[in-house]
Amino acid sequence: MKIRGKVWKFGDDVNTDVIIPARYLRTFDSSVWPQHVMEGIDPEFSKKVQPGDIIVAGRNFGCGSSREQAALAIKLAGIAAVVAESFGWIFFRNAINNGLPAVECPGISKAVETGDLIEIDLEKGVVSTPRGILQIKPYPVFMREILAHGGLVEYFKRKIRGD
Amino acid sequence: MSTAVEKIFARTLGRRVEAGDFVEAPVDLMYFHDGTGPLVLKHLVEEMEVTSIPHPERTVIVFDHSAPPHNDQVADLQRYVRKWASKLRIKYLYDLGEGICHQVVPEKGHVKPGQIIIGADSHTCTLGAFAAFATGIGATDMSYALATSTLWFKVPETLQVKMKGSLSRGVYSKDLILYIAGRLSASGALGKTLEFSGPALASFSVADRMTLCNMAVELGAISGFCPVNEDVLKFLRSRGAHADFTSSTDEGAADEVVEVDCSEVEPMVAAPSTVDNVKPVADVEGTPVDEVFIGSCTNGRIEDLRVAAAILKERRVAEGVRLVVVPASREVYLQALREGIIEELLKAGAMIGVPGCGPCLGLHMGVLADGEVAVSTANRNFVGRMGSKKARIYLASPATAAASAVEGRIADPRRYLP
């Protein structure tokens, strides 16, 4: 699986309250969430982001609350992947469970700037940037399968239950 | 040579387990609340098309995030959770007013040492205070676990905080965990279990241990952990939960060890807007305050309300400051009533909220306006957490919060203590 896209770069410890505040969560209308994505850092982000773009961040991206809408807001805004030095663990699980590749890539935040084009090759385990190629931490097999199914719900239905 | 968490997984799986292993493990206890519950049940029922679950008796729901609902949309989502809780025959539903899930679940005797516990809330790590492996997860993970009673885990490495010495007068477990967060940073325990140990641990009550473990996630930890002691076992026995796991981490098994001298800690705050932006209260003393919140899963217990009442007794909240006190549970509220604490707080000018999360996550009961400053005993001071993105939040102990309410400015609590 290759993902090629334009970078939006953020810093360290981006928390789920700035990705999406709690007051927008109390609805089943999922179209609300991407309208507020990253609002705590850049109120205009949802208007600027294009489908296929990639978020790049520093350490501990998605730290904080367990709210799955943080991963969903990013995914529904059209973001193709999040590449970070490291992730908050709950966010990481939520991203994979919703079919959003969360890619741990040490060195990424120094290698790219907003506007750069990068390519993530999940099979080869590399990210190609304008300033060189970086290695990524490979996913275990079951996590690749969850992503390949588009998330944990489909993985459960097809792989576990055998629908 | 194993860590306590490795021993918990090994015991459950019946084989040797090492940190870093990916395992699929049965889950002993699953809980969620009215905030995450709607998405959990929608995924489970509407998307996974599961309408019966194998272990409804291992499942607990606590309504705490919007207690009571602050608008019709929230009331409707809560009704959705009640409806499916009943259809799925989920055995334990503690409805509005019972308190915060991380407080109610141990109070009602659901927690035992050595259990593997998941909660659809990041502060599930609080229950590490009872020597369980307890971790927060998202809605889809919870749906999967409800459907299968299992979940995959990466067995975490352990970062052990060895604590020695004792806390000075006016310094509390909250100051200590803020101090540790300041030293280790918001990613200092990333992906690990943050375990509290050392000679000082014996002096920490059940409530203190819950405060320490509660904030493990703020250092990036997957879970918090304290080995049991007689106080913890006594608490559990009184709730009908009998312990058969009393192991701790073997010497040398932790991935990383940090030593902390409790006697060096003074009253601390986490200044805006990260939990690791920690300073002594002395550095920010005098900062004008608009709201003080005493409550939350970090510091809404009876011990916390006692400290606050001791400072506020026969004093008044400063003019123009709103003091919001929210007991962590109905049980805490009743005990505070019996001890006369609620009366003292009310006479001092406090507003008392319904047991639950209160204003911690900015939904109701004290939402902050542009430019306002709050002192909060909760666990997060992120931008926009309690309302306006232009509000600023200082995290502090209940004592510092109460002293700040009296002065209308951030204040050192030590001059108010006998």
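Residues numbered from 1 in each chain as written. Chains lettered and ligands numbered in written order. Predicted model: local features only at pLDDT ≥ 70, side-chain atom pairs only at ≥ 80, totals over all residues. Heavy atoms only, no water.

Draft legend 1. Layout of the overall build of chain B. Each helix and strand in chain B was counted, giving 14 helices and 18 strands. Against the 2.2 N^0.38 benchmark of 22 Å for 418 residues, chain B shows a C-alpha radius of gyration of 20 Å, consistent with a compact globule. Seen through its principal axes, chain B has C-alpha atoms that stretch 55 × 55 × 40 Å. Burial statistics for chain B: of 418 residues in total, 65% are counted as buried. (Helix = DSSP H or I, 4+ residues; strand = E, 2+ residues; numbered from the N terminus. Rg over C-alpha atoms; globule rule 2.2 N^0.38 Å. Buried < 20%, exposed > 50% of the residue type's maximum accessible area, 1.4 Å probe, protein only.)

Draft legend 2. Structural detail: the side chain of A:Asp116. Residue and element names in this part refer to chain A. Looking at the element boundaries, aspartate 116 is found in the loop between helix 6 (108-111) and strand 5 (117-121). Since its relative accessible area comes to 15%, aspartate 116 is described here as buried. Side-chain polar atoms of aspartate 116 contact the side chain of arginine 131, separated by 3.2 Å. Discounting chain neighbours no more than four positions away, the residues touching aspartate 116 are Gly5, Lys6, Val7, Ala111, Pro130 and Arg131. (Polar contact = N/O pair within 3.5 Å; in protein donor to acceptor, adjacent residues only side chain to side chain. Contact = heavy atoms within 4.5 Å.)

Draft legend 3. Fine view of the domain arrangement of chain B. All names here are of chain B. For chain B, the assigned domains are domain 1 (23-155), domain 2 (157-266) and domain 3 (269-411). When domain 1 packs against domain 2, close to 1900 Å² is buried across both sides, 65% of that on carbon and sulfur atoms. Counting the contacts that link domain 1 with domain 2 gives zero salt bridges. Breaking the side of domain 1 that touches domain 2 down by element, the ones donating at least two residues are helix 4 (101-107) and strand 6 (133-136). (Domains from an automatic or database assignment. Buried area = accessible area lost by both parts, 1.4 Å probe. Salt bridge = Lys/Arg side-chain N within 4 Å of Asp/Glu carboxyl O.)

Draft legend 4. Molecular detail of the nonpolar core. Of all hydrophobic cores here, the largest spans 181 residues; its most connected members are A:Phe61 and B:Phe196. Residue contributions to this core peak at seven residues, all from helix 6 (residues 173-184) of chain B. With sequence-adjacent residues up to four places away left out, B:Phe196 is seen in contact with B:Val161, B:Met163, B:Ile177, B:Ile180, B:Leu201, B:Leu212, B:Cys213, B:Phe225, B:Cys226 and B:Pro227. Listed in part, the 40 residues of the second largest apolar core include B:Ile311, B:Leu312, B:Ala396 and B:Ala403. (Core = buried A, V, L, I, M, F, W, Y, C linked by side-chain atoms within 4.5 Å.)

Draft legend 5. View of helix 7 (residues 206-214) of chain B. Most of helix 7 of chain B sits out of view: eight of its nine residues are buried. By the burial criterion, the buried members of helix 7 of chain B are B:Val206, B:Ala207, B:Arg209, B:Met210, B:Thr211, B:Leu212, B:Cys213 and B:Asn214.

Draft legend 6. Structural context of the interface of chain A and chain B. Taken together, the contacts link 41 residues of chain A with 48 residues of chain B. Summed over both partners, the interface of chain A with chain B buries about 3800 Å², with 63% contributed by carbon and sulfur atoms. For the chain A face of the interface with chain B, the top three residues by lost area are A:Arg26, A:Phe28 and A:Arg93, together amounting to 22%. For the interface between chain A and chain B, the tally reads three salt bridges. B:Asp141 serves as the salt-bridge partner of A:Arg93, at 2.7 Å between the closest nitrogen and oxygen. Scanning the region where chain A abuts chain B turns up 15 residue pairs in polar contact (both at pLDDT 80 or more). Of all the secondary-structure elements, those providing two or more residues to the side of chain A that touches chain B are helix 1 (16-19), helix 4 (69-76), helix 5 (89-97), helix 7 (141-148) and helix 8 (152-160) of chain A.

Draft legend 7. Representation of the pattern of salt bridges. The full count for this structure, using the stated rule, is 36 salt bridges over all chains. Between B:Asp250 and B:Lys7 there is a salt bridge whose closest N-O contact spans 2.9 Å. Of this pair, B:Asp250 sits in the loop between helix 8 (230-238) and strand 11 (256-261) while B:Lys7 sits in helix 1 (residues 4-13); the two residues are 243 residues apart in sequence, bridging distant segments of the chain. For B:Lys7, a relative accessible area of 21% corresponds to the partly exposed category. Because the salt bridges share partners, they merge into one network encompassing A:Glu154, A:Lys157, A:Arg158 and B:Glu49.

Draft legend 8. Region of the structure containing the sheet that holds strand 10 (residues 223-225) of chain B. All names here are of chain B. Spatial strand order, 10-9-8-11: four strands in an open sheet with parallel pairing. Looking at the sheet topology across the chains shown, the edges are occupied by strand 10 and strand 11. Pairs of neighbouring strands in the sheet enclose a mean axial angle of 20 degrees, with direction left out of account. In terms of strand pairing, strand 8 (residues 158-164) meets strand 9 (residues 193-197) through five bridges, oriented parallel. In the strand pairing of strand 9, threonine 158 is matched with threonine 193. Relative to strand 11, helix 6 is tilted by about 130 degrees, and along the sheet it contacts strand 8, strand 9 and strand 11. (Pairing = 2+ DSSP bridges. Axes fitted to C-alpha atoms, helices over the stretch in contact; angles between N-to-C directions.)

Draft legend 9. Broad picture of the pairing of strand 17 (residues 373-376) of chain B. Residues and elements named next belong to chain B. Of the two faces of strand 17, the one lined by Val373 and Val375 and the one lined by Ala374 and Ser376 are each fully buried. Here strand 14 (residues 291-294) pairs with strand 17 via three bridges, running parallel. Each bridged residue has a counterpart across the sheet, and for phenylalanine 293 the counterpart in strand 17 is serine 376. Both strand 17 and strand 18 (residues 392-395) contribute to a ladder of four bridges, which runs parallel. Counted as the bridge partner of valine 373 is arginine 392 from strand 18.

Draft legend 10. View of the packing of aromatic side chains. According to the stated counting rule, one finds 18 aromatic pairs over all chains in the structure shown. An angle of 5 degrees between the planes, with centres 6.2 Å apart, marks the rings of A:Phe87 and A:Phe91 as stacked. The burial state of A:Phe87 is the same as that of A:Phe91; both residues are buried. With 6.1 Å between their ring centres and 45 degrees between their planes, B:Phe22 and B:Trp152 make a pair best called tilted. Separated by 130 residues along the polypeptide, B:Phe22 in strand 1 (residues 22-26) and B:Trp152 in strand 7 (residues 150-154) bring together distant segments of the chain. A residue is classified by how much of its surface remains accessible, and B:Trp152, at 6% relative accessible area, is buried. Here the aromatic cluster, defined as three or more aromatic residues joined through ring pairs, consists of A:Phe61, A:Phe87, A:Trp89, A:Phe91, A:Phe92, A:Tyr139, A:Phe142, B:Phe22 and B:Trp152. Above the ring of A:Phe28, the side-chain terminus of B:Lys42 is found at 5.7 Å from the ring centroid. (Phe/Tyr/Trp six-rings, centres within 6.5 Å; stacked < 30°, edge-to-face > 60°. Lys NZ or Arg CZ within 6 Å of the ring centre and 35° of its normal.)

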